[in-house]
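So the chains spell out like this:
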Amino acid sequence: MVDGSKSSNQMWGGRFASGPAAIMEEINASIGFDKKLFSEDIRGSIAHATMLAAQGIITTEDRDQIVNGLTTIRSEIESGNFEFSRRLEDIHMNVEARLATLIGPAAGRLHTARSRNDQVALDFRLWVKDELARTQAALTGLIAAFLDRADEHADTVMPGFTHLQTAQPVTFGHHCMAYVEMFGRDLSRVRDAITRLDECPIGAAALAGTGFPIDRHMTASALGFREPTRNSIDTVSDRDFALEFLSIASISATHLSRLAEEIVIWSTPQFGFVRLSDAFSTGSSIMPQKKNPDAAELVRAKTGRINGSLIALLTVMKGLPLAYSKDMQEDKEQVFDSAESLELALAAMTGMVRDLTVNVERMKAAAGSGYSTATDLADWLVREAGLAFRDAHHVTGRAVALAEQKSCDLSALTLDDLRSIHPDITDQVFSVLTVEASVASRLSFGGTAPVRVREQISWWRAKLADQSVLRSD
Ligand code: ARG
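Every residue gets a number counted from 1 within its own chain, in the order that chain's sequence is written. The model is predicted, so local features are restricted to residues of pLDDT at least 70 and side-chain atom pairs to those at 80 or more, both for listing and for counting; the totals for chains, interfaces and linings are taken over all residues. Note that water and hydrogens are dropped before the side-chain values are worked out from all heavy atoms of the structure.

Caption draft 1: Structural context of unusual backbone geometry. With omega at 5°, the peptide bond leading from Leu-322 into Ala-323 counts as cis. Along the chain, Ala-323 turns up in the loop between helix 11 (294-317) and helix 12 (331-355). At Ala-113, a residue that is not glycine, the phi angle is positive and equals roughly 65°. Mapping Ala-113 onto the fold places it in the loop between helix 5 (91-103) and helix 6 (116-152). Relative accessible area decides the class of each residue, using a 1.4 Å probe on protein chains only: under 20% of the type maximum gives buried, over 50% gives exposed, and in between gives partly exposed. Residue class for Ala-113 comes out buried when judged on its relative accessible area of 8%. With a phi angle near 50°, Ser-407 is a residue other than glycine that sits in the positive phi range. For Ser-407, the location among the structural elements is in the loop between helix 15 (389-405) and helix 16 (415-421). Note on Ser-407: relative accessible area 66%, which makes it exposed. The helix count covers DSSP runs of H or I at least four residues long, the strand count covers runs of E at least two residues long, and both are numbered beginning at the N terminus.

Next up, the structure:
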């Protein structure tokens, strides 16, 4: 395409005598990354031109030429037949310059009653809104994978950990449902962000609004927004929607990273709780026995980039006076990179969760070690022998010490052993010392008992099926 005047920028070069220094061009240009916004830019311009004509600000002939020209440009870009120019700085001016070449003077009327400040705010909002919808779909897919695994393993007993020390037996289904809650919160954050973002910036112009009789409600509804933004200064200086996307991405990536860490630990030969499918692991070039959880490790590492992007953009924004400053051009790469990383991490994790093989025997054996039913013994003493919990805790501690001395599990202590610690203990106690009895007894709402876990699975399935809960309005 025509690259514009050699001496200065053809869009705003009127008052500039000479072209930008090469280094200025390099630091100023955003086309290298904001060309990703071409389709949003064209959509926005078509809606703007249509509104200008409806309001009698431009003629319908001009509108038709503009809309046809923009449609041509869209197919040129989509088919790879568009030459982006760095001298034209960004996607907005690349498109507009091409429009001038295609349709002549009418192109110059498109920018009536708007500025690149509201234009970029519009394009970027449209892009983030679509990305939030993609994130919503990806999170839903991961949650669905977890629900299936939870259903399958609602009775599979594993050790529950605190401090990564064996704490109490839980079920693998219950553990999976913990992740459903985490990713479910991410999903609701996405929904909230869409609600807040759903205001249309176009028409704020440079920062003060415009004297032309525009109809901002018309452009807002044409572009699928709930309503126009309410303050023109805020509109061109606000990047909260980008920060919210990055914070949602950071929290969600942090959840993914914790899961990745668990998968890394669980798939070691020492734990042996799960086996990753070949599709999500790699071998070692020197050690033939190895199967490495590379996908999980990379998901864990991607979190670093995503968290970094959030801090980067917060730092860009924190010193900016109202309204627009060019600093804000640095918003896009952070968001694009995080979006790509998060999408990839969610997809990889969904695959891993769906594919991994659970070693039920190994989990169960580990669940019984480390005196994991000690709390059950203490609870039994409270319930059946009328002890205060603190006293029961003390008695149980002595039982654990005895078992340790005899190198056996709590359930392998004899009744005499237990009676030597507290005379009121009866052989009934053995019914609570198995891991199955332990999990089955945790019937409190939200507890690990298989019946409770199955109730939660049904609740989440109903919630996911009810689109109104997840819709973005
Ligand atoms: N490329 C710019 C950005 O991404 C577009 C807005 C430029 N506005 C301006 N007044 N220079 O922020």
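Now, onward.
Caption draft 2: Inspection of the packing of aromatic side chains at higher detail. Two rings belonging to Phe, Tyr or Trp (six-membered ring only in the last case) form a pair when the distance between their centres is within 6.5 Å. Interplanar angles under 30 degrees mark stacking, angles over 60 mark edge-to-face geometry, and anything in between is tilted. Under the definition given, this model contains 11 aromatic pairs. Ring geometry for Phe-124 against Phe-241: centres 5.7 Å apart, planes inclined by 70°, an arrangement best described as edge-to-face. Within this pair, whereas Phe-124 is found in helix 6, its partner Phe-241 is found in helix 10 (residues 240-266), the two being separated by 117 residues in sequence. Owing to a relative accessible area of 0%, Phe-124 belongs among the buried residues under this scheme. Here Phe-241 falls in the buried class, since its relative accessible area comes to 5%. Their ring planes at 70° and their centres at 5.9 Å tell us that Phe-172 and Trp-266 sit as a pair that is edge-to-face. Taken together, the residues Phe-172 in helix 7 (residues 172-197) and Trp-266 in helix 10 connect sequence positions 94 residues apart.

Caption draft 3: Summary view of empty space enclosed by the protein. Grid points spaced at 1 Å over the protein atoms alone were grouped into cavities, where a 1.4 Å probe fits but cannot get out, and pockets, open sets with protein on both sides within 12 Å along at least five of seven lines, with lining residues defined by an atom within 4 Å of a point. Grid points are joined across faces, edges and corners, and a volume is the space filled by probe spheres set on the points. Following the criterion strictly, the structure yields one cavity of 30 Å³ or more and no others. Of the pockets and cavities examined, the largest cavity occupies roughly 80 Å³. Lining of the largest cavity is provided by Phe-146, Arg-149, Phe-172, His-175, Cys-176, Tyr-179, Leu-259, Ile-263, Trp-266, Val-353 and Leu-356. Contributing elements (two or more residues each) for the lining of the largest cavity: helix 6, helix 7 and helix 10. Broken down by element, the residue count for the lining of the largest cavity peaks at four residues, all from helix 7. Gly falls in the polar group here, along with every residue not listed as nonpolar (Ala, Val, Leu, Ile, Met, Phe, Trp, Tyr, Cys, Pro) or charged (Asp, Glu, Lys, Arg). Here the residues of the lining of the largest cavity are counted per class, giving nine nonpolar, one polar and one charged.

Caption draft 4: Representation of the environment of Phe-225 in the model. Examined against the element boundaries, Phe-225 turns out to sit in the loop between helix 8 (216-222) and strand 4 (227-228). Pairs of residues are marked as contacts when any of their non-hydrogen atoms sit within 4.5 Å. Residue contacts for Phe-225: discarding those within four places in its chain leaves Leu-122, Arg-125, Leu-126, Lys-129, Leu-197, Asp-198, Glu-199, Cys-200 and Ala-220.

Caption draft 5: Broad picture of the packing of helix 11 against helix 12. The contact between helix 11 and helix 12 brings their axes to 9 Å, and the two run at 155°. With respect to each other, helix 11 and helix 12 are oriented roughly antiparallel. The handedness of the crossing between helix 11 and helix 12 is left-handed. Only Asp-331, Gln-334, Asp-337, Ser-338, Ser-341, Leu-342, Leu-344, Ala-345, Ala-348, Met-349 and Met-352 of helix 12 make contact with helix 11, whose side of the interface consists of Ala-295, Ala-296, Val-299, Lys-302, Arg-305, Ile-306, Ser-309, Ala-312 and Leu-313. Of the residues assigned to the contact of helix 11 with helix 12, the class counts are 12 nonpolar, four polar and four charged. Every axis corresponds to a line fitted to the C-alpha atoms, with the helix fit spanning only the stretch in contact, and the corresponding angles, defined between N-to-C directions, vary from 0 to 180 degrees. Roughly parallel means an angle under 35 degrees; roughly antiparallel, over 145; roughly perpendicular, 65 to 115; everything else is oblique. For any pair of crossing helices, the crossing counts as left-handed if the nearer helix is rotated counterclockwise from the farther one by less than a right angle, and right-handed if it is rotated clockwise.

Caption draft 6: Highlighting the pairing of strand 1 (residues 157-162). A pair of strands is treated as paired once DSSP finds two or more bridges between them. As defined by bridge partners, strand 1 adjoins strand 2 (residues 165-171) across six bridges and the pair is classed as antiparallel. What sits directly across from Gly-160, in strand 2, is Gln-168.

Caption draft 7: Representation of the layout of surface pockets in the model. Taken as a whole, the largest pocket holds about 490 Å³ of empty space. In this structure, the largest pocket is lined by 19 residues; those nearest its centre are Phe-161, His-175, Tyr-179, Arg-258 and Glu-262. Of all the secondary-structure elements, those providing two or more residues to the lining of the largest pocket are strand 1, strand 2, helix 7 and helix 10. Size it by volume and the second largest pocket reaches roughly 400 Å³. Taken together, 15 residues line the second largest pocket, and the ones lying closest to its centre are Ser-267, Thr-268, Pro-269, Val-274 and Lys-291. Across the lining of the second largest pocket, the residue classes tally to five nonpolar, seven polar and three charged.

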